[in-house]
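Breakdown of the fold
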Amino acid sequence: MLQLAYLFRWNSIRQIVLSLIRKILLPKDSLIFGKLHIGVSNPQMTKCTTEKGGNAMTTILKNYFPMIQTREEVMKEISGSERLSEMFCQWKKEQQEAFLDFCTGNRGVKILYDSFFKEILNPEIAPERIEEFLSLILKQEVRILTVLPNDTVRIADEQSLVIMDIVVELEDHSIANVEVQKIGYLFAGQRSACYSADLLLRQYKRVKGEKGKAFSYKDIKKVFTIVLYEKSPKEFWQYPEEYIHHFLQKSDTGIKMELLQEYVYIPLDVFRKFMQNRGIKNKLEAWLRFFSTENPEEIGELIEKFPEFKKLYGEIYELCRNVEKVMEMFSKELQELDRNTVQYMIDVMQEEIDGLKGSLQEKEVSLKEQEAENQRLLEQIKKLEEELAKEK
């Protein structure tokens with residue numbers, strides 16, 4: 001009965017979380033343009049924000065990027081627009097401060113936000129950037145031939161957990177998928193394998209359609225799945241000094257066959273922890289620092305050691321001068337973050353529910369076995385009693 005009570009409780013919680021998801025996904029009640037009218041006039045804006053001046057961190061980045069606006073300049077533009085004021089007031093206090101902090105250089109921008117990542121590393125506009133990163137990760141020279149449409153059959157819950165997803169065809173016609181996950185979902189290996197298989201099948205159908213009767217299986221090239229985690233699954237913390245994990249298929253006998261699927265997992269939180277009090281020494285570490293840090297001092301160190309990253313940050317801070325566009329981008333990221341968090345909670349609770357079901361089934365089997373054993377002992381006792389009665 002206790003197990004059934006736990007199962008009922010978890011199922012109830014799951015229903016509550018599902019209800020929350022529906023609310024989050026409703027466009028009219030979304031975090032971006034909700035119907036909640038908190039007030040859009042200047043007096044209301046005063047209530048929506050706090051007084052906070054610049055500090056030493058702001059000065060660090062402003063020394064490199066003088067175009068960075070002050071807090072007063074950003075707030076003036078927001079309060080001058082009814083639409084922007086309403087949007088700003090719907091954010092939580094910590095979200096308002098986070099937005100103002102990165103717009104004014106008090107801390108760095110989260111490069112892994114889908115909107116910022118694609119602005120800076122768009123393979124159609126600046127392919128050399130993602131080419132260099134892929135070359136360092138795959139340890140081979142990479143050139144992007146084309147950007148492929150991301151029309152996968154990835155199921156809805158997986159889409160909600162992925163905050164950035166780019167698929168490119170390389171010069172040798174192999175395919176690379178680069179994705180960023182805010183929260184590492186459960187069963188990461190199984191899901192990556194399914195997604196990689198989907199990409200492989202897409203390649204097969206496309207190439208076979210292009211070549212027709214001339215098609216040969218030698219025309220099918222490798223599929224690389226590269227996953228960057230902002231917050232990685234617990235398995236990666238078992239290896240606190242390793243932050244790049246490369247998986248590929250090999251025979252246990254040494255026989256060589258060209259199998260086509262490879263995976264690279266990069267837990268950026270493990271990288272950040274490992275790099276504490278360590279300076280960056282090479283270009284790969286520089287890229288991972290670029291993806292993972294919001295600390296102005298670390299950004300300054302990166303720019304000093306690898307000046308080419310100054311141009312990338314400069315583009316970001318030019319973008320931040322367009323307050324309306326950046327607010328829309330930030331609102332979209334907040335909504336996606338809510339979806340990620342709720343879906344992760346559902347995954348965790350579903351795993352616990354499945355565990356409870358399994359435990360309950362085991363206990364039922366154990367109970368039946370115990371009952372059978374009790375019955376066997378009772379029969380033995382009965383036989384012994386009958387033998388004693390005969391002796392009397």
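The following paragraphs examine the structure supplied in this document. Predicted model only: the values in this text are computed from it and were never measured.

Attention shifts here to unusual backbone geometry. A positive phi angle, near 60°, is found at K139, a position not held by glycine. Note on placement: K139 falls in the loop between α8 (127-138) and β1 (144-147). The phi dihedral of N277 falls on the positive side, at around 65°, and the residue is not glycine. Checked against the element boundaries, N277 lands in the loop between α11 (268-274) and α12 (283-292). The exposed category is assigned to N277, whose relative accessible area is 86%.

Here the focus is the nonpolar core. With 79 residues, the main nonpolar core has F99, F290, F291 and Y313 as its most contacted residues. Discounting chain neighbours no more than four positions away, the residues touching F99 are V74, I78, F88, W91, V323, V326, M327 and F330. With eleven residues, the next largest nonpolar core counts V167, L199, I220 and V223 among its residues.

Further remarks concern α12. By the criterion of burial, α12 is predominantly enclosed, with ten of the ten residues buried. Within α12 the residues assigned to the buried category are K283, L284, E285, A286, W287, L288, R289, F290, F291 and S292. The backbone nitrogen of L284 lies 3.2 Å from a side-chain oxygen of the residue at the head of α12, namely N282.

This part takes up the packing of helix α4 (residues 71-79) against helix α5 (residues 82-90). In contact at an axis separation of 6 Å, α4 and α5 are set at 115° when each is read in the N-to-C sense. Comparing the axis directions of α4 and α5 gives the class roughly perpendicular. The residues of α5 that touch α4, namely those facing M75, E77, I78 and S79, are L84, S85 and F88. The class makeup of the residues in the contact of α4 with α5 is four nonpolar, two polar and one charged.

What follows covers the pairing of strand β6 (residues 261-267). Most of β6 is tucked away, with seven of its seven residues classed as buried. Covered by surrounding structure in β6 are Q261, Y263, Y265 and P267 together with E262, V264 and I266, the residues of both alternating faces. Pairing between strand β4 (residues 223-231) and β6: seven bridges, direction parallel. Opposite V223, over in β6, you have Q261 as the bridge partner. Taken together, the four bridges between strand β5 (residues 245-248) and β6 define a ladder with antiparallel strand orientation. Residue pairing in the sheet places H245 in a bridge with Y265 of β6.

Conventions adopted
- Along each chain, the written sequence defines residue order, and numbers are assigned to residues from 1.
- The model is predicted, so local features are restricted to residues of pLDDT at least 70 and side-chain atom pairs to those at 80 or more, both for listing and for counting; the totals for chains, interfaces and linings are taken over all residues.
- Values reported for side chains reflect all heavy atoms of the structure, with hydrogen atoms and water molecules removed beforehand.
- Numbering of helices and strands runs from the N terminus, with a helix taken as a DSSP run of H or I at least four residues long and a strand as a DSSP run of E at least two residues long.
- Classification of residues uses two cut-offs on accessible area relative to the type maximum, computed with a 1.4 Å probe and protein chains only: under 20% is buried, over 50% is exposed, and between them is partly exposed.
- For the purposes of this section, nonpolar cores are sets of buried Ala, Val, Leu, Ile, Met, Phe, Trp, Tyr and Cys residues that join through side-chain atoms within 4.5 Å.
- Here, residues are in contact when the closest pair of their heavy atoms is within 4.5 Å.
- The definition of a polar contact used here is a pair of N or O atoms within 3.5 Å, where within protein one atom must be able to donate a hydrogen and the other to accept one, and adjacent residues in sequence count solely through side-chain atom pairs.
- All axes here are fitted lines through C-alpha atoms, helices being fitted over the stretch that makes contact, and every angle between N-to-C directions spans 0 to 180 degrees.
- An angle counts as roughly parallel when it lies under 35 degrees, as roughly antiparallel when it exceeds 145, as roughly perpendicular when it falls between 65 and 115, and as oblique in every other case.
- Only Asp, Glu, Lys and Arg are considered charged in this grouping, and only Ala, Val, Leu, Ile, Met, Phe, Trp, Tyr, Cys and Pro are considered nonpolar; every other residue, Gly among them, is considered polar.
- Should DSSP find at least two bridges between two strands, the strands are regarded as paired.

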